[in-house]
Amino acid sequence: MQIYLDGKFVSPEEAKVSVFDHGLLYGDGIFEGIRAYNGRVFKLTEHLDRLYESARSIILEIPLSWKEMEEAVLETVRRNGLSDAYIRLVVTRGAGDLGLDPRKCPRASVFVIADKITLWPQELYTRGLKVKTVATRRNSVDTLNPRIKSLNYLNNVLAKIEANLMGYPEVVMLNSQGFVVEGTGDNIFIVKRGTLITPPPYVGILEGITRATIMDLARGMGTTVAEDLFTMHDLYVADECFLTGTAAEVIPVVEVDGRRVGNGTPGPVTAKLMAAFREYAQSNGTLL
Ligand code: PXG
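Residues numbered from 1 in each chain as written. Predicted model: local features only at pLDDT ≥ 70, side-chain atom pairs only at ≥ 80, totals over all residues. Heavy atoms only, no water.

A short note on the overall build of the protein chain
In terms of regular secondary structure, the protein chain is built from 8 helices and 16 strands. For 288 residues, the compact-globule formula gives about 19 Å, and the C-alpha radius of gyration of the protein chain, at 19 Å, lands near that figure. Reported as C-alpha extents along the three principal axes, the dimensions of the protein chain are approximately 55 × 40 × 30 Å. For the protein chain, the residues scored as buried account for 51% of the 288 residues in total. For the protein chain, long-range pairs separated by at least 24 residues make up 69% of all intrachain contacts whose partners lie at least 6 apart in sequence. Surface summary for the protein chain: the accessible area is close to 13,400 Å², and the carbon and sulfur share equals 53%. The positive charge centre, built from 32 side chains, and the negative charge centre, built from 35, are 3 Å apart in the protein chain. (Helix = DSSP H or I, 4+ residues; strand = E, 2+ residues; numbered from the N terminus. Rg over C-alpha atoms; globule rule 2.2 N^0.38 Å. Buried < 20%, exposed > 50% of the residue type's maximum accessible area, 1.4 Å probe, protein only. Contact = heavy atoms within 4.5 Å. Areas by Shrake-Rupley, 256 points an atom, 1.4 Å probe, with all protein chains shown as cover. Lys, Arg positive; Asp, Glu negative; His and termini not counted. Charge placed at Lys NZ, Arg CZ, Asp CG, Glu CD.)

Structural notes on the sheet that holds strand β4 (residues 40-41)
Ordered by their spatial adjacency, 7 strands build an open sheet running β2-β1-β6-β5-β3-β4-β16, and the pairing between neighbours is antiparallel. Among the strands making up the open sheet, the edge pair consists of β2 (8-10) and β16 (286-287). Sheet topology note: the strand β5 (residues 85-92)/strand β6 (residues 109-115) ladder contains 7 bridges and is antiparallel. Bridge pairing in β6 places Leu 89 opposite Val 112. This element, helix α2 (residues 44-57), spans β3 (29-37), β4, β5 and β16 of the sheet and lies at about 180° to β3. (Pairing = 2+ DSSP bridges. Axes fitted to C-alpha atoms, helices over the stretch in contact; angles between N-to-C directions.)

Side note on helix α3 (residues 66-79)
With 14 residues, α3 ought to run about 20 Å at 1.5 Å a step, and its terminal C-alpha atoms sit 20 Å apart, in line with that. Looking at α3, one finds that the buried residues are Met 69, Glu 70, Ala 72, Val 73, Leu 74, Thr 76 and Val 77. Two residues or fewer past α3, Gly 81 is found with a positive phi of approximately 60°. (Expected span 1.5 Å × (residues − 1).)

The values are spatial; any link to function lies outside them.
Written out as structure tokens, the structure reads:
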């Protein structure tokens, strides 16, 4: 395996960052999780745009131009001989001193890892997921806005720990007002009377790239799409529910907090969108 690290390709053993890196000391940095399908990097432009927006928001100067970053990602996948891949792109604040002041970090560090993807078991896609809501509330937009895809993921890790303790593969998080926001690493959608509904960005979510793709595909099919606030009650009485993310793609949810969603099997709108997404992902993206 060859890993891109600050302008060089190195082995996993050589791919090391400093213990003084503020990405490690403070979670001060940003990242992207990207996939390649069939020799193309899926939505690379959108992922890089989101990365550079996260950087601007936290005044992190990425030492590569957008074009250089695009090339670093493509070259990492090529060098590893992968046509289907999971790509992790990370920009850390870089090495500084023990204080949290980012001005003490002269140069951000950039690395790109391209690996084979580990998929969720197929039966979760055919039968659908059972999920629970968790006590851990999603970070709020006025503390650490989830739109920044930062290295500070402890909020999501705490929710994942709750999931693990309860024996659930994924859980649903609420914001501090009790509105449904997202999963630990996935966005959420419900279908109610034919309308596809997903929480709006200002409620406190990562604006997922899979989420945007699904909204586009649904509109293309003539489905009404709304970005609206909703509660656990709406989730319990929804006709259908599914989660979206780079890793999971589109995965049906058939039970929430012990309530069956719809008739307890993946719904027709979900099934159509799963198929449409798979087909779209196979034939769109930046060629390697
Ligand atoms: N919400 C959060 C909080 C996320 O971290 C998504 C939604 C989905 O966004 P995309 O752009 O991927 O459609 C994410 C995705 C993983 C993993 O291995 C996923 C994410 C982060 C870390 C790990 O499943 N991000």
